[in-house]
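# Descriptive analysis of the structure
One letter stands for each residue in the lines below.
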Amino acid sequence: MSLLTSPIKIGSLAVLNRLVMPPMATSKSKKGGEVSDEICEYYAEKSNGGYIGLIITEHSFVSQEGKASKGQLSIAKDSDVLGLEKLVSSIHQNRTKVFAQINHAGGLAKKEITGFDPLSASSVELPKTTRNKNLPHEMTQKEIEKVIADFAVAALRAKQAGFDGVEIHSAHGYLLNQFYSPLTNKRQDNYHGNSIEGRIQLHLEIIQAIQANVGSEFPIALRLGASDYLDGGTTIEDSVIASKEFEKAGICLLDISGGITDAAVAEELLCEEKADMIGVGRAIMKNSDWAKQANLSLKN
């Protein structure tokens, strides 16, 4: 048996193999962000045959003010749970585990979509993006506390819907990434941008709040933007320190964006112990049989 097709545990959760389909937005939800038949059919097709061990569904907004785009999936209200149960069932029927990715867009949110002014760690222009030219306002302590509560209750909804775990989104320039990056975090309070400790404080408080809601046995993953690749931004060295702190706090899976498209390369990375699981995104999005074909190629 190849390593890619071998079982693994995420915390106490047993997963059939080490192939992960990472979160990729489909914009197939209904008008209010509710699950549509089209979304369920999409994930049923991707998980068909059980060749993918874990699917992390596309980012779902934890509050209306944190909505990133039209067509984005919602986990912001209790009435979303029923539709999310159908989504989970469409994946579980194929023996595939599934995590919900929960997110807040922060400064990347647009008022014409959310109805709210965008907010962020600090009132500074966001780098490397033209998605929102409006300057966000710096979050107050009360707004930060609401975000923490929104993430925590979103995780509870995910558990109620039958998801096997949740993934906190701290990448791609969204709110938690805005707190994590010194380019966008100019705060001087407990969440200050002057040290890695201040920049991950919000992450740690969200992890703690989620655990209080769902229990310590419910797996929590975190997707981390490991480097800004910009002068003065986050570095790989920062992310090594942050990752160790996240693990201490209870994170059992770290998801770092890559670009794997070849099964042999995935197998090599596992053999070299550079990763424990392999996420394959665009290749699976383009070809729903990629996982099946990879499985067969590794047997030959």
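The coordinates are above.
Residues numbered from 1 in each chain as written. Predicted model: local features only at pLDDT ≥ 70, side-chain atom pairs only at ≥ 80, totals over all residues. Heavy atoms only, no water.

### Remarks on the overall build of the protein chain
Quick reminder of the rule: Numbered from the N terminus, helices here are DSSP runs of H or I no shorter than four residues, and strands are runs of E no shorter than two. Values of the radius of gyration come from C-alpha atoms, whereas the globule rule sets the reference at 2.2 Å times the count of residues to the power 0.38. For each residue, the accessible area found with a 1.4 Å probe, counting protein chains only, is set against the maximum for its type, and the residue is called buried under 20%, exposed over 50%, and partly exposed in between.
Helix and strand counts for the protein chain stand at 11 helices and 12 strands. For the protein chain, whose C-alpha radius of gyration is 18 Å, the value lies close to the compact-globule estimate of 19 Å for 300 residues. With the C-alpha coordinates aligned to their principal axes, the bounding extent of the protein chain is approximately 55 × 40 × 35 Å. Within the protein chain, the proportion of its 300 residues that are buried is 55%.

### Some thoughts on the packing of aromatic side chains
The cut-off we apply is this: Any Phe, Tyr or Trp ring, taking Trp's six-membered ring, that has another such ring centre within 6.5 Å forms a pair; planes under 30 degrees apart are called stacked, those over 60 apart edge-to-face, and the others tilted. Note on criteria: charge over ring means Lys NZ or Arg CZ within 6 Å of the ring centre, with the direction from the centre no more than 35 degrees off the ring normal.
Summed over the entire model, instances satisfying the criterion amount to two aromatic pairs. Each ring, one from Tyr42 and one from Tyr43, has its centre 5.0 Å from the other, and the planes form 90°; the classification is edge-to-face. The burial state of Tyr42 is the same as that of Tyr43; both residues are buried. Arranged with centres 6.2 Å apart and planes meeting at 85°, the rings of Phe179 and Tyr191 form a pair that is edge-to-face. One end of the pair, Phe179, is in helix α5 (residues 175–180); the other, Tyr191, is in the loop between α5 and α6 (196–199), with 12 residues separating them in the sequence. The exposure class of Phe179 is buried, given its relative accessible area of 0%. Just above the ring of Tyr180 sits the side chain of Arg199; from NZ or CZ to the centre is 5.6 Å.

### Concerning helix α7 (residues 201–214)
Note the cut-off: Any helix carries an expected span of 1.5 Å times its number of residues minus one. Here, the arc refers to the directions that run from the helix axis to the C-beta atoms.
Across its 14 residues, α7 extends 20 Å between first and last C-alpha, which sits within 8% of the 20 Å expected from 1.5 Å per residue. Along α7, the residues classified as buried are Leu202, His203, Ile206, Ile207, Ala209, Ile210 and Val214. All buried residues of α7 lie within an arc of 170° about the axis, which places them on one face of the element. Residues of α7 that are exposed and angled more than 90 degrees away from the buried face: Gln208 and Ala212. A positive phi of about 90° marks Gly215, the residue just after α7.

### What to know about the layout of surface pockets
Under the convention used in this document: The method works on a 1 Å grid over the protein atoms by themselves. A cavity is a set of points holding a 1.4 Å probe that cannot get out, a pocket is an open set with protein on both sides within 12 Å along at least five of seven lines, and residues with an atom within 4 Å of a point line them. Grid points are joined across faces, edges and corners, and a volume is the space filled by probe spheres set on the points. Think of it as three bins: nonpolar holds Ala, Val, Leu, Ile, Met, Phe, Trp, Tyr, Cys and Pro, charged holds Asp, Glu, Lys and Arg, and polar takes everything else, Gly as well.
Estimated volume of the largest pocket: approximately 1,200 Å³. Lining the largest pocket are 40 residues, and of these Asp255, Ile256, Ser257, Gly258 and Gly279 sit closest to its centre. Listing elements by their share of the lining of the largest pocket, those giving two or more residues are β1 (8–10), β10 (220–224), α8 (236–249), β11 (253–255), β12 (278–279) and α10 (282–286). Residues belonging to the lining of the largest pocket are distributed by class as follows: 24 nonpolar, nine polar and seven charged.

### Some details on the environment of Glu197
Definition in use: Counting of polar contacts relies on pairs of N or O atoms within 3.5 Å, with two restrictions inside protein: one atom must be capable of donating a hydrogen and the other of accepting it, and residues adjacent in sequence are counted only when both atoms are side-chain atoms.
Tracing the chain through its elements places Glu197 in helix α6. For the pair Glu197 and Leu119, spaced 78 residues apart in sequence, the C-alpha separation works out to 21 Å. Here the side chain of Glu197 touches Ser195 through a polar contact of 3.2 Å, side chain to side chain.

### Concerning the environment of Phe218
Our working definition: Whether two residues are in contact is decided by their heavy atoms: any pair within 4.5 Å suffices.
On the secondary structure map, Phe218 appears in the loop between α7 and β10. Taking the C-alpha atoms as reference, Phe218 lies 5.9 Å from Gly165; in sequence the two are 53 residues apart. Apart from residues no more than four positions distant in its own chain, Phe218 is found in contact with Ala155, Lys159, Phe163, Asp164, Gly165 and Val166.

### A short note on the pattern of salt bridges
Should their charged atoms come close, side chains of opposite charge can pair. What counts, and what does not: Any carboxyl oxygen of Asp or Glu that lies within 4 Å of a side-chain nitrogen of Lys or Arg is treated as forming a salt bridge with it.
By the definition in use, this model includes 13 salt bridges. Here Glu34 and Lys77 are joined by a salt bridge, their closest N and O atoms 3.4 Å apart. A residue pair is termed long-range when its members are at least 10 positions apart, and Glu34 in the loop between β3 (19–21) and α1 (37–47) and Lys77 in the loop between β5 (73–74) and α2 (80–92) qualify at 43 residues. Between Arg199 and Asp238 there is a salt bridge whose closest N-O contact spans 3.1 Å.

### Focus on a nonpolar patch on the surface
To be explicit about the condition: Every patch collects residues that have over 30% relative accessible area and no salt bridge, joining them within 9 Å if they carry like charges and within 5 Å if they are nonpolar side chains (Val, Leu, Ile, Met, Phe, Trp, Tyr). Per-residue and other accessible areas were derived by the Shrake-Rupley procedure at a 1.4 Å probe size, with only the shown protein chains allowed to occlude residues.
A cluster of nonpolar side chains, contributed by Tyr229, Ile236 and Val240, occupies part of the molecular surface with about 330 Å² of accessible area. Relative to the helices and strands, Ile236 resides in helix α8. Classification of Ile236 by relative accessible area gives partly exposed; the value is 43%.

### Some details on the environment of Ser122
Inspection of the secondary structure puts Ser122 in the loop between β7 (119–120) and β8 (137–138). In this structure the C-alpha to C-alpha distance between Ser122 and Gln188, which are 66 residues apart in sequence, comes to 9.9 Å. Polar side-chain contacts of Ser122 include one of 2.7 Å to the backbone nitrogen of Lys186.

Just geometry here; none of it tells us what the structure is for.
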